[in-house]
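# Observations on the three-dimensional arrangement
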Amino acid sequence: MNTLSTTTYLRSHLKQLESEAIYVMREVAAQFERPVLMFSGGKDSIVMVHLARKAFHPGKIPFPLLHVDTGHNFPETLAFRDKLIESLGVELIVRYVQDSIDSGRVQEETGLDASRNALQTVTLLDALAEFKFEAAIGGARRDEEKARAKERFFSHRDAFGQWNPKNQRPELWNLYNGRKAPGEHFRVFPISNWTELDIWQYIQEQNIELPSLYFSHRRKVVNRDGVLLAVSDVVQPRPGETVEEKVIRFRTIGDMTCTGAVESPAATIGDIVAEVASARVTERGARADDKRSEAAMEDRKRQGYF
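Quick summary incoming for the structure in this document. A quick note: this is a predicted structure, and the numbers were derived from the prediction, not measured. (Residues numbered from 1 in each chain as written. Predicted model: local features only at pLDDT ≥ 70, side-chain atom pairs only at ≥ 80, totals over all residues. Heavy atoms only, no water.)

### Details of the environment of methionine 38
Mapped onto the secondary structure, methionine 38 falls in strand E1 (residues 35-38). Of the residues examined, methionine 38 reaches a relative accessible area of 13% and is grouped as buried. (Helix = DSSP H or I, 4+ residues; strand = E, 2+ residues; numbered from the N terminus. Buried < 20%, exposed > 50% of the residue type's maximum accessible area, 1.4 Å probe, protein only.)

See the structure below:
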């Protein structure tokens, strides 16, 4: 296949994925009175915001954005979030894991590998109940992790916010069943069929702005069980660990206590596209929270995690 044919195919492929995602978002707006778009400040949620703008142009995005803040976010993520929200002119709802801890709704983890990442579940479910959201739109993709590969576009959650992978509805001919009982809700994943490479190629084609964390930079890190964690107020070296300054970037962005970096010289989106195309480890391979057990993600999802 020559270069021109490859470019034409890529554009057609990305256009098909974009159209599918926009169709799903419009279905959410049509079927639910109170949807919300989950926003983490990561590349997938930023792409979701971009798609939502396209889906409802020339109007504004017709639903608020919800960010569950662990209190251990990268400062660059929060700065980017606030800048983006200001430019969009949409409502941002922020709910804090710290408030859940202070109220006794969850208990702070202790020990060497303590993290607030799993504690987000209660804060999220409380926020969905507080605002009576019927559908929470998220940027999860099936290629990320085997538990997420089991998700439908419209993923049903029971009255306790829990997910049963064996109790999901068929989605034949792009028909989505949003019927639910009182207290139940749906998680909706418009970019389910995208891959990490698709995301980066779409970002490149659409010239989407991203936090600086995704690009190569120098940062002090510690190597903890094979995961490069950025040294910060919440990640300090343990006895026997050495702080090193490395040229790194992040493939995913989340809680600083469990989000690992990768050594990389990729300073542009083109560099990242080439790097991802040749990668042999999934982007969540650097997430310490996924290493807790073989079924760590599925266990969290069953309890209501996104």
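### Considerations on a nonpolar patch on the surface
Together, Leu172, Trp173 and Leu175 make up a nonpolar patch on the protein surface, roughly 420 Å² of accessible area in all. Its relative accessible area of 52% is what places leucine 172 among the exposed residues. (Patch = residues over 30% accessible without salt bridge, like charges linked within 9 Å, V, L, I, M, F, W, Y side chains within 5 Å. Areas by Shrake-Rupley, 256 points an atom, 1.4 Å probe, with all protein chains shown as cover. Salt bridge = Lys/Arg side-chain N within 4 Å of Asp/Glu carboxyl O.)

### Digging into the sheet that holds strand E7 (residues 217-224)
Judged by pairing direction, the barrel is antiparallel, and its four strands sit side by side in the order E7-E8-E10-E9 before closing back on the first. Strand-to-strand twist across the sheet, computed as the mean angle between neighbouring axes with direction ignored, equals 70 degrees. (Pairing = 2+ DSSP bridges. Axes fitted to C-alpha atoms, helices over the stretch in contact; angles between N-to-C directions.)

### A short note on the sheet that holds strand E4 (residues 135-137)
The six strands lie next to each other as E3-E2-E1-E4-E6-E5, forming an open sheet whose pairing is mixed. On the outer flanks of this sheet lie strand E3 (92-96) and strand E5 (154-157), each paired with one strand and no other. Ignoring which end each strand starts from, the neighbouring axes of this sheet average 30 degrees apart.

### Side note on the environment of alanine 230
Here alanine 230 is to be found in strand E8 (residues 227-230). Expressed as a C-alpha distance, the spacing of alanine 230 and lysine 246, which sit 16 residues apart in the sequence, is 10.0 Å.

### Focus on the layout of surface pockets
Estimated volume of the second largest pocket: approximately 210 Å³. Considering the residues around the second largest pocket, the lining is formed by Ile46, Val49, His50, Arg53, Phe80, Lys83, Leu84, Ser87, Gln206, Asn207, Ile208 and Glu209. Taken together, the elements giving at least two residues each to the lining of the second largest pocket come down to helix H2 (43-56) and helix H3 (75-88). Considered class by class, the residues forming the lining of the second largest pocket number five nonpolar, four polar and three charged. (1 Å grid on protein atoms, 1.4 Å probe; cavity = no way out; pocket = protein on both sides within 12 Å on 5 of 7 lines; lining within 4 Å. Points joined across faces, edges and corners; volume = space filled by probe spheres on them. Nonpolar A, V, L, I, M, F, W, Y, C, P; charged D, E, K, R; others polar.)

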